[in-house]
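# Examination of the molecular architecture
These are the residues of each chain, in order.
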Amino acid sequence: MLIRLENISKYFPGTVALKDVTLELKGGEIHGLLGQNGAGKSTLVKIIYGIYQPDSGNIYFNGNKVLFKSPRDARMYGIVLVHQELTLIPHLTVLENIALLGSLYNAPLYRKFQEDEFFDKATKMFEELKVDIDPHARVMELRASEKMLTQLIAALIMDARVLLLDEPTSPLVKEEVENLFEILKNLKGRGLVIVFITHRLEEAFEICDKITILRNGIKVGTFDAKELKLEDAIKMMLGTEVEGPSTTRKITNLTKEEQPLLIIEGLSTMPSKMGEIPLKRIDLEVYRGEVLVVFGLLGAGKTELGKSLIGLQRMKTGRIIFEGKQVDIKSPVDARRLGIIYLPEDRRNEGLFLGLSVLHNATISSLERFSKFFFIKSKHETTEALNYFRRLNVIMPSLTDSVSKLSGGNQQKVLLSRALLAKPKLIVLDEPTIGIDVGAKIEIRRLVYELAKKEGISVLWLTSDVDEALAVADRIAIIYDGEIKYIVPNVNLTRDALTSMLHN
Amino acid sequence: MKGESRTNAKFKSIIDMLSRSEILRPTMPLLALLIIASLIVPEKFWSVSNAKIVLLQVTPLAAIATGEMLVILTGGIDLTPGSALGFTAMISALTYLSTNNFYLSLIVAILSGLIIGVLNGLLVTKFKIFSFVATLAGLAIWRALTLFISGGKLIYGLQPYEIFALSLGNLIPLGFVMIILVETVIYLLLKKTVFGRYLYAIGSNEEAVRLSGVKADLVKLIAFTLAGLMYGFGGILTIGMAGLAVDPWTGNGFELNAIASCVMGGIMLTGGVGSPVGAFLGSLLLTLLNNILILMGYTEFYIRQIITATVLILAATALSRGLKYVK
């Protein structure tokens, strides 16, 4: 036994993040942490890593009571947190980051940076783990998956004894996940403690030895992964019975005679930012009230397609026809005027105003409707917002509370309310359920689908999740390397059929 | 154990409330100052003549601090208020001396303030220059122009400006009444209008505002322009306050006082948090502090400067510590 958490509690203003959680983490074991957003998984690993301090309860490391005041303290014990949002410095190279995270964090400031020393160690580790990253590339030029692996390698170079992995697989595609699992199994054999947080339940069952389920800050239980059933795990996470995925869609017939709302003809773009993919001769039509899923892997050009509709891509050729008229969309302002709203994948950095209230977050795109001579009619604003909050089942302390207090799923619902309040004709959803717990995922898919049908709103749904595509799509367009490869109606499609189209 | 954590949570919620309330934050040090003054120099401090001085002195500072606040709310910083105040005051004074038309000279001050604001705004939004750099250039240029148009001389003989120093009811100067009215208008603008909502949103997450289909650049340009107007207003008020004369170095270094007022008034330099109440109370705090130090006999500029700076650091520490504690 290596780490023992005893009766850990943590309070934040207005919420109980963790309550009396007791947990044992053993070496040579992969321990999965499952739970909905807001269940306390991230808080728990942040406490182990010293980012938060528990309000009550104790942590024992090899039987000795420890108190981590900062991540630095935790690192002294060989504890490392690998997290998408943390720890890498974008302007430094991969190698410099590895050096910094891996050993220099504790070096005296006058210590010389000897590149060779780290280069050898790092390349050896790259080879061992079959990772192909240019060690001299700047971290800001890397893809999300490469950043994750860079952090992992840095942790291994510092001889980490405890690896805390918070959603390591969410930026990865299938092969990368398999590769990562090979690495983890290898590390497990070396006796490391590995804590694994994921939203993809299948992955947890594939790789974990033990699984602990958290719900609303309380531990439901710890189980042997082999003895636990997937359905039972979901039930324990949600606390209620749920319908399985991909049963929510009712097949509706589209009246194809009418003119499409949106026609994209021969659209090619040039990348305007580092890491963007050029689109190649995209032809696409979206009908009124239709949910068109654009399905593809990370980096296939989904986001670029979405952003080209709000004027954030440089168009090379092609034209966009909206409501029968050719349009020239130069900015999100033009797009909104036409009735096109885009919800970004990166909710925290491109969507939410974390400092502002729930209400103000929801109505930012529709204030003109609620105002007279620039003055906001707050009653009108509140009623309309509450109307959508009710329909989307947003759970929040109050309208005036900061949106940062909401769970990921509810934050996304607030953003969906923002889009719907603007009375759009077309909503572009970029990975709307990424990083959201299973229950909210299914709920959001159902609600958006129903609202689209009821209000006749067209949805361009960009996703890399097969189940999501099958659950919500009327038609599915498969995008690969900036090109639309197939467009198929979502009738009698199977997961395997859809995934195989991705690879051909 | 549990009881302890509960009282802890209760204590946290009180701190949370105090640090969130825009009015309460600067009020507490303000009260502390008044109590200190009452203990040390009661007779001198609590007199009509001293009250008049304080109310008169706070007006130009409150005007430029409010302008500065508008820029800070967007997440930017403006280094021009001091030079803009000097320039608008000077050009207004020269206009009056050459035309003898008081109203025209007021309009000229306000208009030149507006132009300064628009130029700042264009540099930041159209030329994509960091506000610190863009306004650093303005700081130098507007001071240079003030020296140029005045020939480096003190300009005096500006009797009509006395009206802003005239006291209503033998206590409250007209300029002070005007600044209160203007603060009220700005408060309503920020809290009740679409513009205000966008301004706070930009300070919180500019990229998200753009993606929401809002003309973020236009909102920022308006914020800079309104700020410029406030500097022009401050320029007029400063003539009434400073003995009806304008020195070419009027307002030199005032940008720092404006920023300090904002900090003491709880306006976060990262943008998105704060209100005109804070800017006003912050400038009152700074003015009172100086006033009390003078009454205590610290007439030397450098001593007051050192003490003021110390208080600023204390205030900033209290604010950031308080916030950290809550988070």
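What this report covers is the structure whose coordinates are included nearby. Remember, it's a predicted structure, so these values are computed and weren't measured experimentally.

Our focus in this paragraph is unusual backbone geometry. Residues and elements named next belong to chain A. In the Ramachandran plot, N7 falls in the positive-phi region, its phi being about 50° despite a non-glycine side chain. Within the fold, N7 resides in strand β1 (residues 3-12). Judged by the 14 C-beta atoms lying within 10 Å of it, N7 is partly exposed. Positive phi, close to 50°, is recorded for F373, a residue that is not glycine. Mapped onto the fold, F373 is located in the loop between β17 (371-372) and β18 (375-376).

Looking now at the pairing of strand β22 (residues 483-489) of chain A. All names here are of chain A. Where strand β21 (residues 475-480) lies against β22, six bridges are found, and the strand directions are antiparallel. When the sheet's bridge partners are listed, R475 is paired in β22 with P489. Between β21 and β22, which pair antiparallel and follow one another directly, the connecting turn spans two residues, one of which, D481, has a positive phi of 50°.

Judged by nonpolar contacts, the single largest core of 161 residues is most densely connected at V293(A) and W461(A). The greatest single-element share of this core, amounting to 15 residues, is contributed by helix α11 (residues 216-241) of chain B. Each of domain 2 (288-314 + 328-339 + 424-504) and domain 3 (347-423) of chain A gives at least three residues to this core. In terms of nonpolar packing, the next biggest core, distinct from the first, is built from 70 residues, I30(A), Y77(A), V82(A) and A154(A) among them.

Before going further, it helps to spend a moment on the interface of chain A and chain B. Each side of the interface is counted separately: chain A has 27 residues, and chain B has 26 residues. Here the side of chain A that touches chain B takes four residues from helix α10 (residues 332-338) of chain A, the largest share from any one element. Across the side of chain A that touches chain B, the residue classes break down as 16 nonpolar, eight polar and three charged.

What counts as what
- Residues numbered from 1 in each chain as written.
- Chains lettered and ligands numbered in written order.
- Predicted model: local features only at pLDDT ≥ 70, side-chain atom pairs only at ≥ 80, totals over all residues.
- Helix = DSSP H or I, 4+ residues; strand = E, 2+ residues; numbered from the N terminus.
- Buried ≥ 20, exposed ≤ 12 C-beta atoms within 10 Å, placed from the backbone.
- Pairing = 2+ DSSP bridges.
- Core = buried A, V, L, I, M, F, W, Y, C linked by C-beta atoms within 7 Å.
- Domains from an automatic or database assignment.
- Contact = placed C-beta atoms within 7 Å.
- Nonpolar A, V, L, I, M, F, W, Y, C, P; charged D, E, K, R; others polar.

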